[in-house]
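The lines below spell out each chain.
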Amino acid sequence: MSVNEQENLPSQEIVQVDENHVIAERREKLKAIRSQGVAFPNDFKPDALAANIHAAHGGTENEAFEANAVNVKVAGRMMLKRVMGKASFATIQDKSGRIQLFIGSSNLEEATYEAFKHWDLGDIIGATGYLFKTKTGELSVKVTELRLLTKSLRPLPEKFHGLQDQEVKYRQRYVDLITSEEARATFVARSKVVSAIRNFMIQNEFLEVETPMLHPIPGGAAAKPFTTHHNALDMQMFMRIAPELYLKRLVVGGFERVFEMNRNFRNEGLSVRHNPEFTMMEFYAAYTDYRWLMDFTEQCIRAAAIAARGTAVLQYDGKEVDLSKPFERLTIVGAIQKYAPEYTLAQLHDAEFLRVELYKRGIKVFEHAGLGSLQLSLFEETAEAHLWQPTYIVDYPVEVSPLARASDKNPEITERFELFITGREMANGFSELNDAEDQAARFHAQMKAKEAGDQEAMFYDADFIRALEYGMPPAGGCGIGIDRLVMLITDSPSIRDVILFPHMRPEA
RNA sequence: GGGGUGUUAGCUCAGCUGGUAGAGCAGCGGACUUUUAAUCCGUUUGUCGUGGGUUCGAUCCCCGCACGCCCUACCA
């Protein structure tokens, strides 16, 4: 490794993290445990989960338990502890939920009971015993054998209020997950969304594929890429901003229906809607067009919501979002007319008028922007935020859609849509441009725009053109923003709430 | 990038237009054989984010910086 490469690596100096008297006390306890044998045993095998126990025996009464004892071995993190002389209670939490343990000195070795008194909240314990109901009717485990499986050295957040500090919730997601049922539910829902989408695609005869994340030429979207360097090849590479051009190469190859659900990377700002790496489900289907895509995308999103929530009628930020009905479809101009009726149709088709109007509203537009781009800017300004219920916007101008097929009736617009829900873009799809010569011309136009200062204009990808020259069947393709969809389905206000480890600045 | 706002004990939070910090939880010690955020008694813990400034004196007022959150911009 050269000196230069070493300089790029993070420093390996060990940072001494916060220590305090609570941790010091626990380290002393661990030291004592170590001196007595194996401190971190791995021979306790639970045979029951809290939720299953409640489901199976929630209705069982003590007479039945006395007639037929139900023995269980449970394990989990101790979340609550109530020590009272010779009989105590503890609540443990496993992946499924919580269950109460009754720990009485009469059922247990005296030494074990004494040791238990000094265990801490957050310790991971294993308990063997039989089920019964306390006199308040709570299903519990009467413990006959109790073991400390993992000593926790750090105190958990306050047991009632939980972790409140948003920064710590993001930086130390493990603590958030321990203490917040809501956070756990969000990520379980995310997993259900992802698998529902995958199942939906596979049921519809799509082939799941994995295309490169390291691209020699960034393409498939208008965005700033992350750059990196491959040492052995001594070449610059880019983290992909979209898989589009590779997926279309596969359509050329004869995989007529493909999808990929994975990460894209864009070197842009962070916000409640943007993380530098985000998950996109992108799919292509030969012999379909943008109208078919809209129907299909709608069904896919509906299936995901039902899988995660059991319904397609959701609540987001206190307001209803109805995914169960057919999604509305509006043209860009139609949407402006609906949400900003003060403009006449003639004005909306007058480039000079739009230019002045956008200037008045403080919107900057490129000097070479055509009518379509100007209409799009006014749409974004006046209509986009109002698209709370699912709405497809169609008729995107060709100049901002370099990979989309132009309309056969109007060469200025493309067969493209974007889907908006809660005022946010959720998906983007179009009939694909499969005319290699037209695509080459569009790439040339992008190169010109790049030279004119448009940093996000696309690069010319000669191999992609070569692929199209072999012939790509007519096709439709679409990308669905998974993080934003999960935000919607889990009623989360920030993208950081649906990404397990969102990007943060290094800790101060 | 611009604007707003926050940072006090391990955690959740108080803190009077300025006099060197408190509560609850957790911890430690004690009582208690059916608790539910157990209860009761006793008790430990702080570079008040950080660096300056004003002041006899700053957690508090002013300025810079770091980090977070919200809005905004680019974008999905």
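Residue positions are counted from 1 within each chain, in the order its sequence is given. Whichever chain is written first becomes A and whichever ligand is written first becomes 1, with later ones labelled in order. Where totals are concerned, whole chains, interfaces and linings use all residues; where local detail is concerned, this predicted model gives features only for residues with pLDDT of at least 70, and gives and counts side-chain atom pairs only at 80 or more. In computing side-chain properties, one takes all heavy atoms of the structure into account and sets aside hydrogens as well as water.

### Re the sheet that holds strand β9 (residues 235-239)
Within a sheet, neighbouring strands are paired by backbone hydrogen bonds and run either parallel or antiparallel to one another.
In step 1: Strands sit in the order β7-β9-β8 across an open sheet of 3 strands; the sheet is antiparallel. Of all strands in the sheet, those with a lone pairing partner are β7 (214-215) and β8 (227-230), marking the two edges.
In step 2: Criterion used throughout: strands pair if DSSP finds at least two bridges between them. Here a helix means four or more residues in a row that DSSP labels H or I, a strand means two or more in a row labelled E, and each is numbered from the N terminus. Across 2 bridges, β7 lies against β9 in antiparallel orientation. What sits directly across from Leu214, in β9, is Met239.

### Quick notes on the nonpolar core
In step 1: In this structure, Ile197, Met281, Phe283, Leu323 and Ile480 are the most contacted members of the largest nonpolar core, which totals 45 residues.
In step 2: Other than its neighbours up to four places away in sequence, Phe283 contacts Met201, Phe206, Val258, Phe259, Leu293, Phe296, Thr297, Gly476, Gly477, Cys478 and Ile480. Definition used in this section: a nonpolar core is a set of buried Ala, Val, Leu, Ile, Met, Phe, Trp, Tyr and Cys residues joined via side-chain atoms within 4.5 Å. A simple rule labels every residue: compare its accessible area, found with a 1.4 Å probe on the protein chains alone, to the largest value its type can have, and call it buried under 20%, exposed over 50%, or partly exposed in between. The criterion used for residue contact is that any of the two residues' heavy atoms lie within 4.5 Å.

### Some words on unusual backbone geometry
In step 1: You will see that Glu205, though not glycine, has its phi angle at about 65 degrees, which is positive.
In step 2: Topologically, Glu205 is positioned in the loop between α8 (181-203) and β6 (207-208).
In step 3: We classify Glu205 as exposed; its relative accessible area is 68%.
In step 4: One non-glycine residue, Asp395, lies in the positive phi region at around 75 degrees.

### A look at the pattern of salt bridges
In step 1: Take a side-chain nitrogen of Lys or Arg and a carboxyl oxygen of Asp or Glu: if they are within 4 Å of each other, that pair is a salt bridge. Counted according to the given criterion, the structure contains 33 salt bridges.
In step 2: Residues joined in a network through salt bridges with shared partners are Arg26, Lys29, Asp120, Asp123 and Lys151.

### Brief notes about the protein's contact with RNA strand B
In step 1: Around RNA strand B sit 52 residues in total, of which Lys135, Thr136, Lys159, His274 and Arg484 are the nearest.
In step 2: Being near a molecule or strand, for a residue, comes down to having at least one heavy atom within 4 Å of it. The sugar and phosphate moieties of RNA strand B supply 59% of its atoms located within 4 Å of the protein.
In step 3: Polar contacts here mean pairs of N or O atoms no more than 3.5 Å apart (in protein, one a potential hydrogen donor and the other a potential acceptor; neighbouring residues in sequence count only if both atoms are side-chain atoms). Within the side chain of Arg171, one N or O atom sits 3.0 Å away from a sugar or linking oxygen of RNA strand B.
In step 4: Only α2 (21-35), β1 (71-82), β2 (87-93), β3 (98-104) and α6 (166-171) provide two or more residues apiece to the surface near RNA strand B.
In step 5: Here the element with the most residues in the surface near RNA strand B is α6; it accounts for 4 residues.
In step 6: For this classification, the nonpolar set comprises Ala, Val, Leu, Ile, Met, Phe, Trp, Tyr, Cys and Pro, the charged set comprises Asp, Glu, Lys and Arg, and every other residue, Gly included, is treated as polar. Partitioning the surface near RNA strand B into residue classes produces 17 nonpolar, 14 polar and 21 charged.

### Some thoughts on a nonpolar patch on the surface
In step 1: Together, Tyr174, Leu500 and Phe501 line one region of the surface with nonpolar side chains, adding up to about 330 Å² of accessible area.
In step 2: Relative to the helices and strands, Leu500 resides in the segment after α17 (482-490).
In step 3: Judged by its relative accessible area of 37%, Leu500 is partly exposed. Without a salt bridge and with relative accessible area above 30%, a residue can belong to a patch; like charges are then joined within 9 Å and nonpolar side chains (Val, Leu, Ile, Met, Phe, Trp, Tyr) within 5 Å. Here the Shrake-Rupley method, with its probe set to 1.4 Å, supplies the accessible areas, and only the displayed protein chains count as covering residues.

### Description of the pairing of strand β18 (residues 475-481)
In step 1: With 7 of 7 residues buried, β18 is to be regarded as a mostly interior element.
In step 2: Both faces of β18 are covered, namely the face carrying Ala475, Gly477, Gly479 and Gly481 and the face carrying Gly476, Cys478 and Ile480.
In step 3: Two elements, strand β11 (residues 277-286) and β18, share 7 bridges in a ladder whose sense is antiparallel. Residue pairing for β18: Met280 is matched across the bridge by Gly481.
In step 4: In this sheet, β18 lies alongside strand β17 (residues 424-431) in antiparallel orientation, the contact comprising 5 bridges. Looking at β18, one finds that Ser431 is bridged to Gly476.

### Re the side chain of Glu282
In step 1: Along the chain, Glu282 turns up in strand β11.
In step 2: Positive charges come from Lys and Arg alone, negative charges from Asp and Glu alone, with His and the N- and C-terminal ends not counted. Comment: no salt bridge for buried Glu282; closest opposite-charge side chain is Arg266, at 6.1 Å.
In step 3: Here the side chain of Glu282 touches Glu244 through a polar contact of 3.1 Å, landing on its backbone nitrogen.
In step 4: Side chain to side chain, Glu282 and Tyr284 meet in a polar contact 2.8 Å long.
In step 5: The contacts of Glu282, once residues within four sequence positions are left out, are Ala242, Pro243, Glu244, Leu247, Val258, Phe259, Glu260, Cys478 and Gly479.

### Details of helix α11 (residues 332-339)
In step 1: If you check which residues of α11 are buried, you get Ile332, Val333, Ala335 and Ile336. Considered in projection along α11, the buried side chains sweep an arc of 160 degrees and stay on one side of the axis.
In step 2: In the core, the buried residues of α11 are packed alongside β14 (328-331), α12 (345-348), α14 (371-382) and β15 (391-394). Comment: arc refers to directions from the helix axis out to C-beta atoms.

### As for the sheet that holds β1
In step 1: Taken together, 5 strands build a closed barrel; the order of strands is β1-β2-β3-β5-β4 and the barrel is mixed. Between one strand and the next, the sheet's axes are offset by a mean angle of 55 degrees, whatever the strand orientation.
In step 2: In the sheet, β1 pairs with strand β4 (residues 124-133) via 7 bridges, with the strands oriented antiparallel. Paired with Val74 across the bridge in β4 is Ala127.
In step 3: Most of the contacts of helix α3 (residues 50-57) go to β3, to which it runs at about 85 degrees, and overall it touches β1, β3, β4 and β5 (139-150). What counts as an axis is a line fitted to C-alpha atoms, over the stretch in contact for a helix, and the angles between N-to-C directions run from 0 to 180 degrees.

### Re the side chain of Ser152
In step 1: Position of Ser152 relative to the elements: it lies in the loop between β5 and α6.
In step 2: Not counting the four nearest positions on each side in its chain, Ser152 is found in contact with Arg26, Gly122 and Asp123.

### A short note on the packing of α11 against α14
In step 1: Running from amino to carboxyl end, α11 crosses α14 at an angle of 40 degrees, the nearest separation of the two axes being 9 Å. By crossing handedness, the relation of α11 to α14 is classed as left-handed. For the pair α11 and α14, the contacting residues are Ile332, Val333, Ala335, Ile336 and Tyr339 in the first and Gln375, Leu376, Leu378, Phe379 and Thr382 in the second.
In step 2: When its residues are assigned to classes, the contact of α11 with α14 shows 8 nonpolar, 2 polar and no charged. Should the near helix be turned counterclockwise from the far one by less than a right angle, the crossing is left-handed, whereas a clockwise turn marks it as right-handed.

### Topic: the pairing of strand β12 (residues 313-316)
In step 1: The alternating pattern of β12 places Leu314 and Tyr316 on a buried face and Val313 and Gln315 on a face that is not buried.
In step 2: A loop of 2 residues connects β12 with strand β13 (residues 319-322), the two strands running antiparallel in sequence, and Asp317 in this loop sits at a positive phi of about 50 degrees.

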